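Below, each chain spelled out in residue letters.
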Amino acid sequence: YAPIRDENGEIITNNAVSNPSAVVNTIQAKNNIYDVQALFGLNGKIKEHWTLGASAGLYYYKKQESIFIPGATNQTIMPLQNGLAENTSRVGETELLNFYFAARTGYNQTFAGMHNLKGSLGVQAVINSTEYDSGEGINAESDYYYLLGSTSSNIGRKVGGYIDKFNWVNINANLTYTYNHLVGVGVTLASDYASSFGNDAPSMAVFPSVNAAFYAKNAPGVRNVDFINQLTLRAEYVTTGNSRFSSGLSKYAYSQASFRALSGLVRAGVANTGLKWETDRTFDVGLDISLWNNRIDASVDYYNGKTNDVIMLRSIPSVFGTSTMYDNIGTLKNEGVEVGFQFAPVYTKNFKWYIGATLAHNKNRLSSLDGNASIISEMSDGAAIISEVGKPLYNFYGYETAGVFSTTEEAAAANLKTPGGVAFGAGDVHFVDQNNDGVIDEKDRVNLGSADPKIFGNIYTTLRYKNFELSVNFGYSQGNKSYNAVRRIGESMSDYGNQLVSTNRRWQSNGDIT
């Protein structure tokens, strides 16, 4: 392999990348994965109208990774860490254990041929534990000593990892009454417990729901219409809660930090021990219809919901050692319509062909933000998102552009400067001066739109012959913005990494249009 150093051990001028063949053939990488899954289920009948069912599942996953990047003995690979790492050794291990249990008893009986009563009582639980540990070291004496313990203890040693545990228990009860196959009403009561909450917030909550349905197919004047197989009008009011967030948001935790040759643990952020449930209340009304022996199926739903105590980042005084923490500060409103349609051009005993589509529109708006008009969150790659009252929950935030200055004259006519007073020139991005002060700065960043589409759905077709099935599904969305991080990196030309071929069309000389 071609060396990257001269006879004196110095990196050859303008040689800023490793030998590709050496990277492929001399780096030692290992990956071991252990995956175990077990399922158990039992269903039976206690009495004539009583049933009992239980299920349990266990999932265990372990992944061990290691990589050694040589360079001390075989000098064909660029040193990492700004040239400090002659060779590098890294190891990591992930271990996940998940246990699930559910049990349910049900009751179903009809009285006098027209009064049907259904009820159920159930419990389910999830125990989840995840642990990740990692270590890194550099500058082993030679490339023959690739174990982590052989690396230098003077510089570059790092350890890291995390432990995340989540336990969840749900107890639920449901009671439904149906009169003469015509009208049905039901009520559900659920109680949830989650371990993700801190000491100053309740770990248990109760969520009631009610529903009603009118089975118009069984109504007088309709039940004898042969081509109508189903015609149901339904409505429900549902309350739910979200507790599935990292316990690191509500409980104190520690993270790894390195200083010179030392590596230890430090307090990680500021925990909000009063972080509580996100609660959602949704009203939904819908219509289901099936025609001509179920050759045509259609449904339409309208929903209107409100989510309280949305967990978001809020600013706190820097005296706490960090500038943000998570808190229940948002209120979100959701409203939308969903439509579904399915048609069976061919429907025989052995062969069936379905064509269908769905169309949905959702409008979500942030209605309050704990007294703030907006909150801006900066990403590590320089991107930003903004949450504004009256707008969707999250929106892209940045500078609006009007192309690239093609000529010096065009840039001079715009008369734009940086906050430091440097004038924009040919080849620079033409940022829109939102406040017309001639300076492109933070005041010119604006809401660039949301990733939420105006409409979305799917179009599909399914061919089914006996026990064989072939399906094709096409999903679509329209009216949403997207952030192309791959293009941002691939066109940045900020390092020696591979770039997209579109960089060949970049501005290079006065008069170029790109």
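Conventions used here
- Residues numbered from 1 in each chain as written.
- Predicted model: local features only at pLDDT ≥ 70, side-chain atom pairs only at ≥ 80, totals over all residues.
- Heavy atoms only, no water.
- Phe/Tyr/Trp six-rings, centres within 6.5 Å; stacked < 30°, edge-to-face > 60°.
- Helix = DSSP H or I, 4+ residues; strand = E, 2+ residues; numbered from the N terminus.
- Buried < 20%, exposed > 50% of the residue type's maximum accessible area, 1.4 Å probe, protein only.
- Lys NZ or Arg CZ within 6 Å of the ring centre and 35° of its normal.
- Pairing = 2+ DSSP bridges.

S.K.: For this particular structure, what's the right way to read the packing of aromatic side chains?
M.R.: Two aromatic rings, taken as a pair, are described by how far apart their centres are and by the angle between their planes. All told, the structure shown has 10 aromatic pairs when counted by the stated rule. Ring centres of F197 and W277 lie 4.8 Å apart, and the angle between their planes is 35°; this geometry places the pair in the tilted category. Of this pair, F197 sits in the loop between β6 (183–194) and β7 (204–215) while W277 sits in the loop between β10 (262–267) and β11 (278–291), and the two are 80 residues apart along the sequence. This pair shows no difference in class: F197 is buried, exactly as W277 is. Aromatic side chains Y347 and Y354 sit 6.4 Å apart centroid to centroid with 75° between the ring planes, which places their arrangement in the edge-to-face category. Exposure remark for Y347: the relative accessible area of 36% places this residue in the partly exposed category. Owing to a relative accessible area of 11%, Y354 belongs among the buried residues under this scheme. One aromatic cluster is present, built from ring pairs that chain together F197, F207, F245 and W277. Positioned above the aromatic ring of F166 is the side chain of R244, whose terminal nitrogen or guanidinium carbon lies 4.1 Å from the ring centre. We note K352 situated over the ring of Y347; from NZ or CZ to the ring centre the distance is 5.2 Å.

S.K.: What is the right way to read the pairing of β6 from this model?
M.R.: Every other side chain in a regular strand lies on the same face of the sheet, so the side chains alternate between the two faces. Looking at chain direction, strand β5 (residues 158–179) and β6 are connected through 12 bridges and run antiparallel. Each bridged residue has a counterpart across the sheet, and for N170 the counterpart in β6 is D192. Where β5 folds back on β6, the antiparallel hairpin that results is connected by three residues, among which N180 adopts a positive phi of roughly 55°. Alignment of β6 against β7, held across 11 bridges, turns out to be antiparallel. Among the inter-strand pairings, V183 is bridged to a residue of β7, identified as F214.

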